[in-house]
Structures are given as C-alpha cells and as structure tokens.
Amino acid sequence: MLNLFEDFERTQDKLEASNLLKLSQVSSPTYYIEAFFDGNLEWTEYAYTERELQNLKNDAIDCGFTFTVEEVSND
C-alpha cells in the first residue's frame, strides 16, 4: 500500500513539474455598478460575469433606479 502511495506522489510531482495541473488563467472583466434613486446612491455591487451584470441592471430598472456601470481591472 505504501508503494502505491509513493507512486502516486511521484506522478503528482511529475505533473506539477510539467505544469499539467495548473489551469490557464482566463481573464474576464469585472464590473462595478452603482444604482441611484432621485440622485441618491442606493446600492453598489460587483458583477463577475455578463449574466450577473445583466441581473443587476434588471434589478435596478425594476426598482426604478438609474445606474452606472464601470469595467474595473482585475490586476
């Protein structure tokens, strides 16, 4: 049983050394949304996907808010 575990560890080490376990970083934009009612800031939120952004925009519209959206850097 110990040999099996040691084999597994060696295989993991080889994979790590060749970067096969590392996922490529996919850069996606992050959005910052501010919602206003009668010129007063009511809420702010971050959206990490287009779908989240659309949901937040829909929520703001449904509540009668105006809103601004800013794309922010992920760096």
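What counts, and where the lines are drawn
- The residue numbers shown here count from 1 along each chain, following its written sequence.
- At least 70 in pLDDT is required for a residue's local features to be given in this predicted model, at least 80 for side-chain atom pairs to be given and counted, and no such filter applies to totals for whole chains, interfaces and linings, which use all residues.
- Just so you know, side-chain values use all the structure's heavy atoms and leave hydrogens and water out.
- Here is the rule: rings of Phe, Tyr and Trp (six-membered ring for Trp) pair when centre to centre is within 6.5 Å. Planes less than 30 degrees apart are stacked, more than 60 are edge-to-face, and the remainder are tilted.
- We count a stretch as a helix when DSSP gives it H or I for four or more residues in a row; a strand needs E for two or more, and each element gets its number in order from the N terminus.
- Criterion used throughout: strands pair if DSSP finds at least two bridges between them.
- Partly exposed residues are those whose accessible area sits between 20% and 50% of the maximum for their type, while under 20% is buried and over 50% is exposed, using a 1.4 Å probe and protein chains only.
- Helix span, expected: 1.5 Å multiplied by one less than the number of residues in the helix.
- To be clear, the arc concerns the directions from the helix axis to the C-beta atoms.
- Contacts are assigned to residue pairs that have any heavy atoms within 4.5 Å of one another.
- Inter-axis angles, ranging from 0 to 180 degrees, are taken between N-to-C directions of lines fitted to C-alpha atoms, where helices are fitted over the stretch in contact.

S.K.: Would you mind going over the packing of aromatic side chains with me for this structure?
M.R.: Scanning the model with the defined rule gives three aromatic pairs in all. For the pair Tyr32 and Tyr46, a centre-to-centre distance of 5.0 Å together with 50° between the ring planes defines the contact as tilted. Placement of the pair is Tyr32 in strand S1 (residues 30-37) and Tyr46 in strand S2 (residues 40-47), with a sequence separation of 14 residues. What links up through ring pairs into an aromatic cluster is the set Tyr32, Tyr46 and Tyr48.

S.K.: When you look at the pairing of S2 in this model, what are you seeing that I'm missing?
M.R.: Consecutive side chains of a regular strand alternate in pointing toward one face of the sheet and then the other. Where S1 and S2 come together, seven bridges link them in antiparallel fashion. In the sheet register, Ala35 faces S2, and the bridge partner there is Trp43. In this structure, the hairpin formed by S1 and S2 is closed by a connection of two residues, where Asp38 is found at a positive phi of approximately 55°.

S.K.: Hey, could you run me through unusual backbone geometry in this one?
M.R.: Phi is mostly negative for residues that are not glycine, and the peptide bonds are mostly trans. Of note, Asp38 is a non-glycine position whose phi angle comes to about 55°, a positive value. Its relative accessible area of 67% is what places Asp38 among the exposed residues.

S.K.: Looking at this structure, how should I read helix H2 (residues 50-62)?
M.R.: Helical geometry note: an α-helix holds 3.6 residues per turn, so side chains three or four residues apart project in the same direction. Counted at 1.5 Å a residue, the expected span for H2 with its 13 residues is 18 Å, and the 18 Å between its end C-alpha atoms agrees. Turning to H2, its buried residues number three or more, namely Leu53, Leu56 and Ala60. Summarising the axial view, the buried residues of H2 lie within an arc of 65°, below the 170-degree limit, and thus occupy one face. H2 presents Glu50, Arg51, Ile61 and Asp62 as exposed residues on the side facing more than 90 degrees away from its buried surface. Residues of H2 that are buried in the fold lie against S1, S2 and strand S3 (66-72). Downstream of H2 by a residue or two, Gly64 has a phi angle that is positive, lying close to 80°.

S.K.: It is not clear to me how the sheet that holds S3 should be interpreted in this structure. Could you clarify?
M.R.: The pairing of strands in a sheet comes from backbone hydrogen bonds and takes either a parallel or an antiparallel form. Ordered in space as S2-S1-S3, the three strands form an open sheet in which the pairing is antiparallel. In this open sheet, the two edge strands, each paired with only one partner strand, are S2 and S3. In this sheet, neighbouring strand axes are inclined to one another by 20° on average, regardless of whether the strands run parallel or antiparallel. Looking at chain direction, S1 and S3 are connected through seven bridges and run antiparallel. Across the sheet, residue Glu34 finds its bridge partner in S3, namely Thr68. Strands in contact with H2 are S1, S2 and S3; relative to S2, the strand with the most contacts, it is inclined by about 165°.

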